[in-house]
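A structural walkthrough
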Amino acid sequence: MAGELQHLVDNTGRRLDRSVAIDDAQIRLLAYNSHDSAVDSVRMNSVLQRNVSREIVDFIYASGGREALDLFTVPVNEGLGLTLGRVGMPIRYRNALLGFVWLLTSEGEVDEDQAEVLRRTADAAAMILHREQLLDELSRSRERELTRDVLSGERSLREDAASRLADEGLMAAGPAVAVTMLLRPVGRSTLTERDRLSVAVGVDQLRRRLPRNSAIQLDRPDHSLLIVSVAERSTQTHLDSLIVAARERVLSESGRQNIECWVGIGEPRTSVADVRESYEESRRSADVAQVVKVLGNVVRYRDLGVYGLLAELSEDRLENSIHSGLQSLLSHEDSKSEALLATLESFLDNAGDVKRTSEALCVHRGSLYYRLRRIQEITRADLTNGDDRLALHLSLKVARLLDLR
């Protein structure tokens, strides 16, 4: 497809003696010609990164791109970096919007002859994009089928699926890692279809930014999964930054303020056939990160620490394991109870070091000693006793995991 579109753009550019570009419906650059005219930051970023911000996409659609059937104009918007206006021709196949052909208004007006050239270019691009869309859907359908098999509980089925993925050029053989991305609404609201679609779009963006045929995607009702080949060192190096960008895209696509996105990354496995365990680790990491906010929004399984072990236990067992003294502190009706909990956690996290704890909490040592005495009175625990400290420390981690504090 890329070669056909590039040939089409080059021919159109020569006929019009203008800068020409073709984007898909998400304003991701597909092809552009070399031209001497000036470009703005949006075009430069589009060339370098092959996509633009959600705000620019929304602005283009609001300027007429969503409904346009013929030429339309996108005006200058310096706040978004659009310092040059655009003339767009929608690319449609049976009225379905597949993309746009673009000219720059800085290169002059578009007369009727040029408009007719753009229409023919858009028609030719529509056939190319529609054919690619059909081929891509066939490929993705096969990819989804084999990805489900790779995650099955049957070893022989996993090995066969991994072999077929490699043979069919869908996924490189070798070491791989699983990445799980999920979205959770804040409060009592539930996930919408747009929310679910936004996760799929974000993970698809991540997949497209990785080397070709180095990742496979599977979208499920409450999360999206990406299995990534990490045979190339460059993929391992850039994966984290690409994940952060994909997460930001998900939040932008959802269009909601009261939503949070969590990403879990499993440990790499030596082959795609073994990536099922990495997938389970990535799910657990994302689930734990939702509750234990201090871990951040993007969490690797290896960084879960004790939370990784605790997450394997049932909620009932975890709740029953909480130290009775900590339960007393959690239920203590006192305006300073939150400060006491923070003090206890900091004190235990700092291995009982008073100096480091007072610095971390920004409190005077005298105030810290007072708080520690109050904690001992309420919990009836001895903070100089190693067993008591360990029991309280683990109980605090459990409380975080159960979202009790």
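Quick caveat, the model's predicted, so the values are computed rather than measured.

The next thing to look at is the overall build of the protein. Of the regular secondary structure elements, the protein holds 15 helices and 10 strands. For 405 residues, the compact-globule formula gives about 22 Å, and the C-alpha radius of gyration of the protein, at 27 Å, lies well above that figure. Over its C-alpha atoms, taken along the principal directions, the protein stretches across nearly 90 × 55 × 35 Å. The proportion of buried residues among the 405 residues of the protein is 46%. Counting 54 positive and 63 negative side-chain charges, the protein places the averaged centre of each group 3 Å from the other.

Another point: the packing of helix α12 (residues 337–349) against helix α15 (residues 386–401). Between α12 and α15, the shortest axis-to-axis distance is 10 Å and the interhelical angle comes to 120°. Overall, the two elements α12 and α15 adopt an arrangement that is oblique. As for the relative orientation of α12 and α15, their crossing is left-handed in sense. Contacts between α12 and α15 involve L341, L344, E345, F347, L348 and D349 from the first element and R389, L392, H393, L396, K397 and R400 from the second. Along the lines of polarity and charge, the residues of the contact of α12 with α15 split into 6 nonpolar, 1 polar and 5 charged.

It is worth spelling out the pattern of salt bridges at this point. A complete count under the given rule lists 31 salt bridges for this structure. Its salt-bridge partner being R131, residue E4 comes within 2.4 Å of it at the nearest N-O pair. Taken as a pair, E4 in helix α1 (residues 2–16) and R131 in helix α4 (residues 112–150) lie far apart in primary sequence, 127 residues in all. On the basis of relative accessibility, which here comes to 38%, the residue R131 falls in the partly exposed class.

Running from N to C, helix α11 (residues 324–331) and α12 cross one another at 145°; their axes reach a closest spacing of 9 Å. Contacts between α11 and α12 pair L326, L329 and L330 from the former with S337, L340, L341 and L344 from the latter. In the contact of α11 with α12, the residues fall into 6 nonpolar, 1 polar and no charged.

Picture the strands of a sheet paired through backbone hydrogen bonds; they go either parallel or antiparallel. Strand order in the open sheet formed by 5 strands is β2-β1-β5-β4-β3, with antiparallel pairing between adjacent strands. The two strands at the open ends of the sheet, each matched to only one other strand, are β2 (29–32) and β3 (72–74). The average angle at which neighbouring strand axes cross in this sheet is 30°, direction not considered. Sheet topology places β3 next to strand β4 (residues 86–93); 3 bridges connect them, and they run antiparallel. For T73, the partnering residue across the bridge sits in β4 and is V87. Sheet strands in contact with helix α3 (residues 54–65) are β3, β4 and β5 (96–104), and its direction is about 145° off that of β3.

Let us now look at the packing of aromatic side chains. Within this structure, the stated rule accounts for 4 aromatic pairs. Members of the aromatic cluster, each reached through a chain of ring pairs, are Y61, F72, F100 and W102. When the ring centre of Y61 is taken as origin, the NZ or CZ atom of R66, which lies over that ring, is 4.6 Å away.

Next up on the list: α11. Residues of α11 that are buried: G325, L326 and L329. All buried residues of α11 project into a common sector of 95° when viewed along the axis, lining one side. Among the exposed residues of α11, those pointing more than 90 degrees away from its buried face are S324 and S331. Buried residues in α11 make contact with α12, α14 (365–379) and α15.

Definitions and cut-offs
- Residues numbered from 1 in each chain as written.
- Predicted model: local features only at pLDDT ≥ 70, side-chain atom pairs only at ≥ 80, totals over all residues.
- Heavy atoms only, no water.
- Helix = DSSP H or I, 4+ residues; strand = E, 2+ residues; numbered from the N terminus.
- Rg over C-alpha atoms; globule rule 2.2 N^0.38 Å.
- Buried < 20%, exposed > 50% of the residue type's maximum accessible area, 1.4 Å probe, protein only.
- Lys, Arg positive; Asp, Glu negative; His and termini not counted.
- Charge placed at Lys NZ, Arg CZ, Asp CG, Glu CD.
- Axes fitted to C-alpha atoms, helices over the stretch in contact; angles between N-to-C directions.
- Parallel < 35°, antiparallel > 145°, perpendicular 65-115°, else oblique.
- Left-handed = near helix turned anticlockwise from the far one by under 90°.
- Contact = heavy atoms within 4.5 Å.
- Nonpolar A, V, L, I, M, F, W, Y, C, P; charged D, E, K, R; others polar.
- Salt bridge = Lys/Arg side-chain N within 4 Å of Asp/Glu carboxyl O.
- Pairing = 2+ DSSP bridges.
- Phe/Tyr/Trp six-rings, centres within 6.5 Å; stacked < 30°, edge-to-face > 60°.
- Lys NZ or Arg CZ within 6 Å of the ring centre and 35° of its normal.
- Arc of directions from axis to C-beta.

It is worth stressing that arrangement in space is one thing and function is another; only the former is reported here.
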